[in-house]
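What follows is each chain in one-letter form.
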Amino acid sequence: MKLFVLNGPNLNLLGIREPDIYGRQTFADLEAFIREVCARENIEVECFQSNHEGVLVDVIQSALGKADGIVINPAAYTHTSVAILDALKAVALPAVEVHLSDINERETFRHISYPAMACIAQIKGKGFAGYEEAILLLKEYVQGHRA
């Protein structure tokens, strides 16, 4: 089984950016955590981060035929990107949207998620543990749909 894990704009600044919201752990810490979870679960993983919407769309499209599922934290594009929604719908791979913070407890404009409309679940407000939950959920989902 193989997963793509995508992270959107400004997540590369974890540990620096608004630590009261996102914590002090770095993006390198997050990627190491994701790789550890996937190794433990015998899941092959490719991690991507971009501050550019089109690059995220390209990576989603490239997952077709290469990945069994997608974990995505679209970050600010959560609330604006029909392009990411359409890419997720086009590849039709199971996807889980993850947010480190609880977007429903933040500014009103953050309550809407376009990419979530193409996802099997949305996990928010659990920090790094939300990525583990997403990975495990996708593993169970994919294995259940292969049988």
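Residues numbered from 1 in each chain as written. Predicted model: local features only at pLDDT ≥ 70, side-chain atom pairs only at ≥ 80, totals over all residues. Heavy atoms only, no water.

**Student:** Can you break down the environment of V57 residue by residue, with the values?
**Tutor:** Within the secondary structure, V57 sits in helix α3 (residues 53–62). On the basis of relative accessibility, which here comes to 14%, the residue V57 falls in the buried class. Sequence spacing of V57 and E105 is 48 residues, and the spatial spacing of their C-alpha atoms is 27 Å. Discounting residues that sit within four places of it in the chain, V57 has contacts with A83, I84 and A87. (Helix = DSSP H or I, 4+ residues; strand = E, 2+ residues; numbered from the N terminus. Buried < 20%, exposed > 50% of the residue type's maximum accessible area, 1.4 Å probe, protein only. Contact = heavy atoms within 4.5 Å.)

**Student:** Tell me about the nonpolar core, residues and numbers included.
**Tutor:** Across soluble globular proteins, nonpolar side chains have a tendency to be buried as a group. Residues L14, I34, V71, Y131 and I135 are the most contacted members of the largest nonpolar core, which totals 25 residues. Only β1 (2–7), α2 (27–40), β2 (44–49), β4 (95–99), β5 (121–124) and α5 (129–146) provide two or more residues apiece to this core. Element by element, the count of residues in this core is highest for α2, at five residues. Sequence-distant contacts of V71, defined by excluding residues within four places in its chain, comprise F4, V5, L6, V96, V98, Y131, A134, I135 and L138. The next biggest cluster of nonpolar side chains, apart from the first, holds 20 residues, and it includes L6, I84, A95 and C119. (Core = buried A, V, L, I, M, F, W, Y, C linked by side-chain atoms within 4.5 Å.)

**Student:** Let's hear about the sheet that holds β2: which residues, and what values?
**Tutor:** Taken in spatial order, the five strands make up an open sheet running β2-β1-β3-β4-β5, and their pairing is parallel. Sheet topology places β2 and β5 at the edges, where each strand pairs with a single neighbour. Taking the axes of each pair of neighbouring strands and ignoring which way they run, one obtains an average angle of 20 degrees across the sheet. Alignment of β4 against β5, held across four bridges, turns out to be parallel. (Pairing = 2+ DSSP bridges. Axes fitted to C-alpha atoms, helices over the stretch in contact; angles between N-to-C directions.)

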